[in-house]
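Residue-level structure breakdown
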Amino acid sequence: MQTATTVLPLGERKAWKALQSHFEQISPKHLKDLFAADPTRGERYTAEAAGIFLDYSKNRVDDETLKLLVELAEESGVRAKIEAMFTGAKINITEGRAVLHVALRAPKSESILVDGEDVVPAVHEVLEKMGGFADKIRSGEWKGFTGKKIKNVVNIGIGGSDLGPVMAYEALKHYSQRDLTFRFVSNVDGSDFAEAVHDLNADETVFLVASKTFTTQETMTNAHSARDWTLASLKDEKAIASHFVAISTNAQAVGKFGIDTANMFGFWDWVGGRYSMDSAIGLSTMIAIGPKNFESLLAGFHEMDVHFRTAPFEKNLPVLMGLLSVWYTDFFDAQTVAILPYENYLKRFPAYLQQLTMESNGKHVTLDGTHVDYETGPVYWGEPGTNGQHSFYQLIHQGTRLIPADFIGFYKTLNPLGRHHDMLMANVFAQSEALAFGKTAEQVRAEGVAEALVPHKVFEGNRPSNTILTEVLTPNVLGKLVALYEHVVFTQGAVWNIDSFDQWGVELGKVLATKILGELESVEAPAGAHDSSTNSLIAKYRANK
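Residues numbered from 1 in each chain as written. Predicted model: local features only at pLDDT ≥ 70, side-chain atom pairs only at ≥ 80, totals over all residues. Heavy atoms only, no water.

Put simply, the rule is: UniProt positions are given in the numbering used here, feature names are shortened, and annotations may be inferred rather than shown by experiment.
For the protein chain, the name recorded in an unreviewed UniProt entry is Glucose-6-phosphate isomerase, with Granulicella rosea as its organism. We quote the UniProt Function (unreviewed entry) comment for the protein chain here in full: "Catalyzes the reversible isomerization of glucose-6-phosphate to fructose-6-phosphate."

Here it is, written out as structure tokens:
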């Protein structure tokens with residue numbers, strides 16, 4: 001088996017070359033012809049693991065495509081790369097770090113070494129500390145500075161310190177403690193903070209400040225505004241210790257802020273921000289749903305981890321989905337993937353996946369720094385069904401761009417209400433069928449449509465999709481779904497031979513913003529050290545602010 005260091009450039013891999021030839025043969029074929037040629041296709045092109053069922057039959061592939069894609073995964077060293085991640089190798093090469101979000105949900109009985117140290121006991125130590133704090137908030141034992149029970153929890157973070165907690169709270173709201181109010185502040189736009197605390201009382205509010213270094217500009221700006229807001233009401237610096245906790249590793253900065261470092265929850269540099277919702281970053285989630293439900297969430301993550309690590313590629317859900325996305329990105333020139341959850345609680349899931357996928361695989365060089373000569377990282381986007389059907393599905397059905405889609409549905413609903421769920425799921429199946437098979441001009445004419453309108457009512461079809469089904473949205477199932485897409489991202493990056501775990505692309509804008517901030521706030525007009533557009537914009541803003 002090849003290792004990560006012996007993988008050939010993508011264009012030189014035997015399976016890649018075979019796929020290029022194969023693409024010329026299969027790309028003209030329509031899905032309705034593929035289904036007609038194989039009446040069992042809908043049953044054969046499925047896989048199931050950890051209670052997650054995947055129907056990938058409505059993809060523009062045949063047996064040969066799938067065989068070659070699996071060969072590509074093998075030739076790309078995907079199996080060896082998976083093992084390297086799970087065993088603590090420093091696969092984030094540009095930062096020299098292990099990539100061990102899988103350790104965050106490993107059972108106590110497991111051992112995962114980083115630089116010779118087993119990290120699993122430390123993970124569970126933090127989880128137990130989180131559980132103790134969550135129980136105190138939920139029970140009312142934790143009191144604010146004036147002795148009142150905490151009723152409001154405000155999470156302050158950005159990026160992975162916000163998107164994961166927000167998504168998880170919305171997804172698991174059914175399981176949340178309803179006498180607690182949860183708010184999330186991320187944007188440095190002051191309106192975000194102002195609206196979050198507008199109807200809250202400081203003596204009943206606790207802030208969770210999530211910043212590993214306790215220096216993140218947006219987060220700390222919001223944290224200091226929260227501090228000022230609290231003190232404006234409570235009038236005593238000592239109140240900060242009762243109303244703030246930190247999710248950080250910088251004890252000195254945390255203490256200087258006024259937070260008792262006993263109420264600091266740490267995590268590690270081998271946890272990337274976008275992979276951190278099941279670390280201490282998930283403290284708001286644990287408070288909302290309780291430690292037992294959080295434990296179930298972690299168990300769901302772990303179950304999908306085990307499947308990804310051990311299942312043969314032919315039946316491996318994340319590998320299959322990752323390979324299919326490579327197929328569309330690099331051969332069909334598909335530039336986006338639509339994520340379409342038919343579950344309103346998952347309304348923030350597409351936004352969460354945007355960071356997970358695009359910050360991970362939005363890369364233009366390979367692991368050795370060579371510029372790629374193929375496409376990487378498609379744009380992920382979406383909205384929950386059925387809302388999206390009355391918004392952007394028009395373009396997916398009849399537009400000029402090929403947009404592969406993932407439909408996510410559930411056999412049961414958390415809120416049974418008459419025919420609602422049957423209607424919802426009927427739309428899942430109808431939309432994927434319509435995308436795949438379309439409607440011909442002859443079918444339109446047979447409906448008695450006027451000839452002038454026939455072209456407008458033709459659906460070309462041949463639009464690919466996956467359908468993911470599972471029992472009902474629980475904390476356990478959410479963990480499985482998130483881990484599924486984490487490992488889809490891994491598979492893509494392994495094939496493309498890129499570093500899916502750094503994010504240097506966010507740095508340049510941050511550096512320039514810090515420089516420009518000083519120029520916006522300076523008394524003297526800045527020297528004009530930028531391009532003519534930026535200089536002009538700065539001057540325009542200064543003149544009008």
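**Side note on the overall build of the protein chain**
The line we're drawing: Labels follow the DSSP assignment, with helices taken as runs of H or I lasting at least four residues and strands as runs of E lasting at least two, numbered in each case from the N terminus. Each radius of gyration is computed over the set of C-alpha atoms, and the globule rule expresses the reference value as 2.2 Å times the number of residues to the power 0.38. Throughout, a contact is declared for two residues whenever any of their heavy atoms are within 4.5 Å. Residue exposure ignores everything except the shown protein chains as possible cover, and the areas themselves are Shrake-Rupley values with a 1.4 Å probe. Charge counting follows a simple rule: Lys and Arg are positive, Asp and Glu are negative, and His as well as the terminal groups are ignored. The atoms used to mark charge sites are NZ of Lys, CZ of Arg, CG of Asp and CD of Glu.
Tallying secondary structure elements over the protein chain gives 22 helices and 13 strands in all. Against the compact-globule benchmark of 24 Å for 545 residues, the protein chain has a radius of gyration of 25 Å, which places it among compact chains. In terms of overall dimensions, the protein chain has a C-alpha envelope of 75 × 60 × 55 Å along the principal axes. When contacts within the protein chain are restricted to residue pairs at least 6 apart in sequence, those whose partners lie at least 24 apart make up 73%. When the accessible surface of the protein chain is split by element, carbon and sulfur atoms take 53% of a total near 23600 Å². Charge-centre separation for the protein chain: the mean point of 51 positive side chains lies 4 Å from the mean point of 67 negative side chains.

**Topic: empty space enclosed by the protein**
To keep it simple, the criterion reads: Cavity: a set of points on a 1 Å grid over the protein atoms alone where a 1.4 Å probe fits but cannot get out. Pocket: an open set with protein on both sides within 12 Å along at least five of seven lines, its lining residues, like those of a cavity, having an atom within 4 Å of a point. Grid points are joined across faces, edges and corners, and a volume is the space filled by probe spheres set on the points. Polarity classes work like this: nonpolar for Ala, Val, Leu, Ile, Met, Phe, Trp, Tyr, Cys and Pro, charged for Asp, Glu, Lys and Arg, and polar for all others, with Gly in that last group.
Applying the stated rule across the entire model yields one cavity of 30 Å³ or more. Roughly 160 Å³ of volume is contained in the largest cavity. S325, V337, P404, D406 and N466 are, among the 19 residues lining the largest cavity, the residues nearest its centre. Residue contributions to the lining of the largest cavity peak at five residues, all from helix 14 (residues 317-331). When the residues that make up the lining of the largest cavity are grouped by side-chain class, the tally is 12 nonpolar, six polar and one charged.

**Digging into the pairing of strand 5 (residues 152-156)**
Going by this rule: When accessible area is computed with a 1.4 Å probe and restricted to protein chains, residues below 20% of their type maximum are described as buried, those above 50% as exposed, and intermediate ones as partly exposed. Paired strands, as defined in this entry, are two strands with at least two bridges between them according to DSSP. Look down the strands so they point away from you; if the path from the first strand over the helix to the second goes clockwise, the crossover is right-handed.
Extensive coverage of strand 5 is indicated by the burial of five of its five residues. Residues of strand 5 alternate between two faces, with N152, V154 and I156 on one and V153 and N155 on the opposite face, all of them buried. By the bridge criterion, five bridges tie strand 5 to strand 6 (residues 181-185) in an arrangement that is parallel. Counterpart to N152 in the pairing with strand 6 is T181. Remark: the strand 5/helix 7 (residues 160-171)/strand 6 crossover connection has right-handed handedness. In the sheet, strand 5 pairs with strand 7 (residues 205-210) via five bridges, with the strands oriented parallel. By the bridge assignment, N152 is partnered in strand 7 with T205.

**Section: the environment of D192**
Just so we agree on the cut-off: A 3.5 Å cut-off defines polar contacts: any pair of N or O atoms within that distance qualifies, except that in protein one atom must be a possible hydrogen donor and the other a possible acceptor, and neighbouring residues in sequence count only when both atoms are side-chain atoms.
Inspection of the secondary structure assignment puts D192 in helix 8 (residues 190-197). Take D192: its relative accessible area is 22%, and that puts it in the partly exposed class. Placed 30 residues apart in sequence, D192 and N222 show a C-alpha to C-alpha distance of 9.0 Å. Here the side chain of D192 touches S186 through a polar contact of 2.9 Å, landing on its backbone nitrogen.

**Focus: the domain arrangement of the protein chain**
Under the convention used in this document: Source of the domain bounds: an automatic or database domain assignment. Joining two parts hides part of their accessible area as seen by a 1.4 Å probe, and the buried area is that hidden amount summed over both. We define a salt bridge as a side-chain nitrogen of Lys or Arg found within 4 Å of a carboxyl oxygen belonging to Asp or Glu.
Along its sequence, the protein chain is carved into domain 1 (10-76 + 311-496), domain 2 (104-293) and domain 3 (506-543). A separation of 35 Å is found between the C-alpha centroids of domain 1 and domain 2. Between domain 1 and domain 2, the contact holds 22 residues from the first and 19 residues from the second. A buried area of about 1900 Å², summed over both sides, lies between domain 1 and domain 2, and 62% of it is on carbon and sulfur atoms. On the domain 1 side of the contact with domain 2, Y345, Y352 and P475 bury the most area, a combined 32% of that side's loss. Across the domain 1-domain 2 interface, the total number found is three salt bridges.

**Observations regarding the layout of surface pockets**
Its boundaries defined by the atoms lining it, the largest pocket holds a volume of some 1200 Å³. Along its surface, the largest pocket is lined by 43 residues, and T216, Q503, V506, E507 and K510 are the ones closest to its centre. Per-element tally for the lining of the largest pocket: the top contributor is helix 21 (residues 507-521), with seven residues. Looking at the lining of the largest pocket residue by residue, the classes come out as 15 nonpolar, 19 polar and nine charged. When residues of the lining of the largest pocket are sorted by domain, at least three fall in each of domain 2 (104-293) and domain 3 (506-543).

**Section: helix 17 (residues 420-437)**
Because an α-helix completes one turn every 3.6 residues, residues spaced three or four positions apart along the sequence face the same direction. Rules: An expected span of 1.5 Å times one less than the residue number is assigned to each helix. Arc definition: it is the arc formed by the directions from the helix axis to the C-beta atoms.
In a regular helix each residue adds 1.5 Å, so 18 residues correspond to 26 Å; helix 17 covers 26 Å between its end C-alpha atoms and thus fits that length. Listed as buried for helix 17 are H421, L424, M425, V428, Q431, S432, L435 and A436. Down the axis, helix 17 shows its buried residues gathered within 130° of arc, on one side only. Projecting away from the buried face of helix 17 at angles above 90 degrees are the exposed residues H420 and D422. Looking at the packing, one finds that the buried side of helix 17 touches helix 2 (31-37), helix 16 (393-398), strand 12 (405-410) and strand 13 (465-470). In the segment just after helix 17, G438 is the residue with positive phi, at about 60°.

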